[in-house]
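So you can see what is in the structure, the chains are spelled out below.
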Amino acid sequence: MLRLLIWLGIAYLLIRTLRKLGVFGHISAGSDGPGSRDRNDNLMVKDPYCGVYFLRKDGHHLRHGGEDLYFCSPECRDNYMKDHAN
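Worth saying up front: this structure is predicted, and the values here are computed from it rather than measured.

(A) Just the overall build of the chain, in detail. The helix and strand tally for the chain stands at 2 helices and 4 strands. Counting every position in the chain, which comprises 86 residues, the buried fraction comes to 15%. Pairs at least 24 apart in sequence give 18% of the contacts found in the chain among residues at least 6 apart. Element-wise, carbon and sulfur atoms account for 57% of the exposed surface of the chain, whose accessible area totals about 7000 Å².

See the structure below:
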């Protein structure tokens, strides 16, 4: 029984290490919609209104014209919507 627990512990630590190294980064377990955890959340993106770069996970999302846009602040998002109102 003790051997089994030791092997399970080793397997657990190995899997955690491989995940941290990004070995499992290519595996996707869900949709890429705005509500899902996306592996690209830590990418830097550019605000289409003011041009500031920020982490995508910290941005404010807007779906406009079939495109997902991310803004650095609600003010930039609102100003973009005013300027691009159809």
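(B) Inspection of the pattern of salt bridges at higher detail. In total, this model carries 2 salt bridges according to the counting rule given. In this structure, the salt-bridge partner of D68 is R63, at a minimum N-O distance of 3.1 Å. With a shortest N-O distance of 3.6 Å, D78 and R77 are connected by a salt bridge. For R77, a relative accessible area of 22% gives the class partly exposed.

(C) Structural detail: the side chain of D47. Summarising the element assignment, D47 is placed in the loop between β1 (44-46) and β2 (53-55). In this structure, D47 is buried with no salt-bridge partner, the nearest side chain bearing the opposite charge being K46 at 9.2 Å. Only 2.7 Å separates the side chain of D47 from the backbone nitrogen of C72, close enough to count as a polar contact. Not counting the four nearest positions on each side in its chain, D47 is found in contact with V52, F54, Y70, F71, C72, S73 and C76.

(D) Spotlight on the pairing of strand β4 (residues 67-71). As defined by bridge partners, strand β3 (residues 60-64) adjoins β4 across 5 bridges and the pair is classed as antiparallel. The residue bridging H61 from the neighbouring strand is Y70, located in β4. Two successive antiparallel strands, β3 and β4, enclose a turn made up of 2 residues, where G65 displays a positive phi of approximately 60°.

(E) Broad picture of the nonpolar core. Judged by nonpolar contacts, L62, L69, F71, C76 and Y80 together constitute the single largest core of 5 residues. Secondary-structure elements contributing two or more residues to this core are β4 and α2 (74-83). Apart from the residues within four sequence positions on either side, Y80 is in contact with P48, Y49, L62, H64, L69 and F71.

Definitions and cut-offs
Residues numbered from 1 in each chain as written. Predicted model: local features only at pLDDT ≥ 70, side-chain atom pairs only at ≥ 80, totals over all residues. Heavy atoms only, no water. Helix = DSSP H or I, 4+ residues; strand = E, 2+ residues; numbered from the N terminus. Buried < 20%, exposed > 50% of the residue type's maximum accessible area, 1.4 Å probe, protein only. Contact = heavy atoms within 4.5 Å. Areas by Shrake-Rupley, 256 points an atom, 1.4 Å probe, with all protein chains shown as cover. Salt bridge = Lys/Arg side-chain N within 4 Å of Asp/Glu carboxyl O. Lys, Arg positive; Asp, Glu negative; His and termini not counted. Polar contact = N/O pair within 3.5 Å; in protein donor to acceptor, adjacent residues only side chain to side chain. Pairing = 2+ DSSP bridges. Core = buried A, V, L, I, M, F, W, Y, C linked by side-chain atoms within 4.5 Å.

Function cannot be inferred from these measures alone, as they are strictly geometric.
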